[in-house]
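# Structure at a glance
One letter stands for each residue in the lines below.
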Amino acid sequence: MDTVTGTGEGTGTAERLAASLRDRIAEGGLKPGEQLPEAAFAQAYGVSRNTVREAFRLLVHERLVVHEFNRGVFVRVPGPADITDIYAVRFALETAGVRAAGAAAPRLIADVLAAVAAGEAAAATGDWVQVADAGIHFHRALAALAGSPRTDSYMSAILAELRLVFQEMPSPAHLHEPFVGRNRVIAELLEASELDAAETELRAYLADSRQLILDTLTAAVSPSEVRA
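The structure contained in this document is the topic of the report that follows. (Residues numbered from 1 in each chain as written. Predicted model: local features only at pLDDT ≥ 70, side-chain atom pairs only at ≥ 80, totals over all residues. Heavy atoms only, no water.)

Regarding its fold elements, the protein presents ten helices and two strands. Reading the protein from its N terminus to its C terminus gives the helix and strand order α-α-α-β-β-α-α-α-α-α-α-α. Per element, the accessible surface of the protein, about 11,500 Å² overall, is 53% carbon and sulfur. Of the charged side chains in the protein, 21 are positive and 30 negative, and the gap between their average positions amounts to 6 Å. (Helix = DSSP H or I, 4+ residues; strand = E, 2+ residues; numbered from the N terminus. Areas by Shrake-Rupley, 256 points an atom, 1.4 Å probe, with all protein chains shown as cover. Lys, Arg positive; Asp, Glu negative; His and termini not counted. Charge placed at Lys NZ, Arg CZ, Asp CG, Glu CD.)

Shown next as structure tokens:
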């Protein structure tokens, strides 16, 4: 495993370690509920335990991991309340991007279209992991239409949380297949400058996606867990 040390340890090193762990969580290398042992990560990355603690603190702030007293640090397992909150933020950020699309640079619209094409190509071969990746790029590109670095930063954080939700889904195809064509509809409305229609479609899309995830999680809970 690559180290993240530079000329000396400090906040920058902790931020690099947090970025590495964030990527591993997003890519599924660290699963929801998995424990992150401090000593093992310090040794693996060639950093001090204090640096690992600081990296964990940053990820706790991003809601990607949780610290449980006397137990340790674990990759967060999103629940229904998390999903509802994630989607509330997505509604705000993505619709703001769509409303600003009329003044967006052409390359930003091109990014939306490229993400749609990548998702369609992956769906044609049944590569649902790549469909998911393309979907993440599509929604990040929608928010980027606002032309705001802060919006981009907030969207990246919320999409990292969304990756955890995706990992809890039993069937990637069930989750992503219904939305491949709807991505194309939104993109073409944006390209045609029909922004009100694009926003209306996006709002319905996000509502349907949220409900699909909530219904899937509910169905996965056993009767004994419901009674508990």
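Once that is clear, we can look at unusual backbone geometry. Even without glycine at this site, Arg-63 takes up a positive phi of about 65°. Topologically, Arg-63 is positioned in the loop between helix 3 (49-61) and strand 1 (65-68). Given the relative accessible area of 36%, Arg-63 is considered partly exposed. Its identity is not glycine, yet Ser-193 carries a phi of approximately 60°, on the positive side. Looking at the secondary structure, you find Ser-193 in the loop between helix 8 (172-191) and helix 9 (195-220). (Buried < 20%, exposed > 50% of the residue type's maximum accessible area, 1.4 Å probe, protein only.)

Next up on the list: the environment of Ile-83. Mapped onto the elements, Ile-83 comes out in helix 4 (residues 80-99). A relative accessible area of 1% means that Ile-83 is categorised as buried. Expressed as a C-alpha distance, the spacing of Ile-83 and Leu-64, which sit 19 residues apart in the sequence, is 13 Å. Excluding anything up to four places from it in sequence, Ile-83 contacts Val-165, Arg-210, Ile-213, Leu-214 and Leu-217. (Contact = heavy atoms within 4.5 Å.)

Let's shift gears to the nonpolar core. Grouped together as the largest cluster of nonpolar side chains are 42 residues, with contacts concentrated most on Val-112, Leu-142, Leu-145, Leu-162, Leu-190 and Ile-213. Listing elements by their share of this core, those giving two or more residues are helix 4, helix 5 (106-124), helix 6 (128-144), helix 7 (149-167), helix 8 and helix 9. With nine residues, helix 9 is the largest single contributor of residues to this core. (Core = buried A, V, L, I, M, F, W, Y, C linked by side-chain atoms within 4.5 Å.)

As a further point, take the packing of aromatic side chains. The final tally for this structure, using the stated rule, is three aromatic pairs. A ring pair is formed by Phe-179 and Tyr-205, whose centres lie 4.9 Å apart and whose planes are at 50°; its orientation type is tilted. Here Phe-179, found in helix 8, pairs with Tyr-205, found in helix 9; they are 26 residues apart in sequence, far enough to count as distant. Owing to a relative accessible area of 7%, Phe-179 belongs among the buried residues under this scheme. Assessed through its relative accessible area of 4%, Tyr-205 is described here as buried. (Phe/Tyr/Trp six-rings, centres within 6.5 Å; stacked < 30°, edge-to-face > 60°.)

The interhelical angle for the contact between helix 6 and helix 7, taken along N-to-C directions, is 155°, at an axis separation of 10 Å. Classed by the angle they form, the pair helix 6 and helix 7 counts as roughly antiparallel. With respect to the hand of their crossing, helix 6 and helix 7 are arranged in right-handed fashion. When helix 6 is examined against helix 7, the residues Ala-132, Asp-133, Ile-136, His-139, Arg-140, Ala-143 and Ala-144 are found in contact with a partner set consisting of Thr-151, Asp-152, Met-155, Ser-156, Leu-159, Leu-162, Arg-163 and Phe-166. Here the residues of the contact of helix 6 with helix 7 are counted per class, giving eight nonpolar, three polar and four charged. (Axes fitted to C-alpha atoms, helices over the stretch in contact; angles between N-to-C directions. Parallel < 35°, antiparallel > 145°, perpendicular 65-115°, else oblique. Left-handed = near helix turned anticlockwise from the far one by under 90°. Nonpolar A, V, L, I, M, F, W, Y, C, P; charged D, E, K, R; others polar.)

Moving on, we get to the packing of helix 2 (residues 38-45) against helix 3. Direction vectors running N to C along helix 2 and helix 3 enclose 110°, while the axes themselves pass 9 Å from each other. It follows from the interaxial angle that helix 2 and helix 3 lie roughly perpendicular. Contacts between helix 2 and helix 3 pair Glu-38, Ala-39, Phe-41 and Ala-42 from the former with Arg-49, Val-52, Arg-53 and Phe-56 from the latter.

Further remarks concern the pairing of strand 2 (residues 72-75). Judged from the four bridges that link them, strand 1 and strand 2 form a sheet pairing that is antiparallel. Its bridge partner lying in strand 2, Val-66 is registered against Phe-74. Counted between consecutive antiparallel strands, the loop separating strand 1 from strand 2 contains three residues, among which Asn-70 sits at a positive phi close to 65°. (Pairing = 2+ DSSP bridges.)

Moving on: the environment of Arg-182. Residue position: Arg-182 is located in helix 8. Spatially, the C-alpha atom of Arg-182 lies 15 Å from that of Glu-194, the residues being twelve residues apart in sequence. Apart from residues no more than four positions distant in its own chain, Arg-182 is found in contact with Glu-201, Ala-204, Tyr-205 and Asp-208. Separated by 3.2 Å, the side chains of Arg-182 and Glu-201 make a polar contact. (Polar contact = N/O pair within 3.5 Å; in protein donor to acceptor, adjacent residues only side chain to side chain.)

With that settled, the discussion passes to helix 7. For helix 7, spanning 19 residues, the distance from its first C-alpha to its last is 28 Å, which sits close to the expected 27 Å at 1.5 Å a residue. By the burial criterion, the buried members of helix 7 are Thr-151, Met-155, Ile-158, Leu-159, Ala-160, Glu-161, Leu-162, Arg-163, Leu-164, Val-165 and Phe-166. (Expected span 1.5 Å × (residues − 1).)

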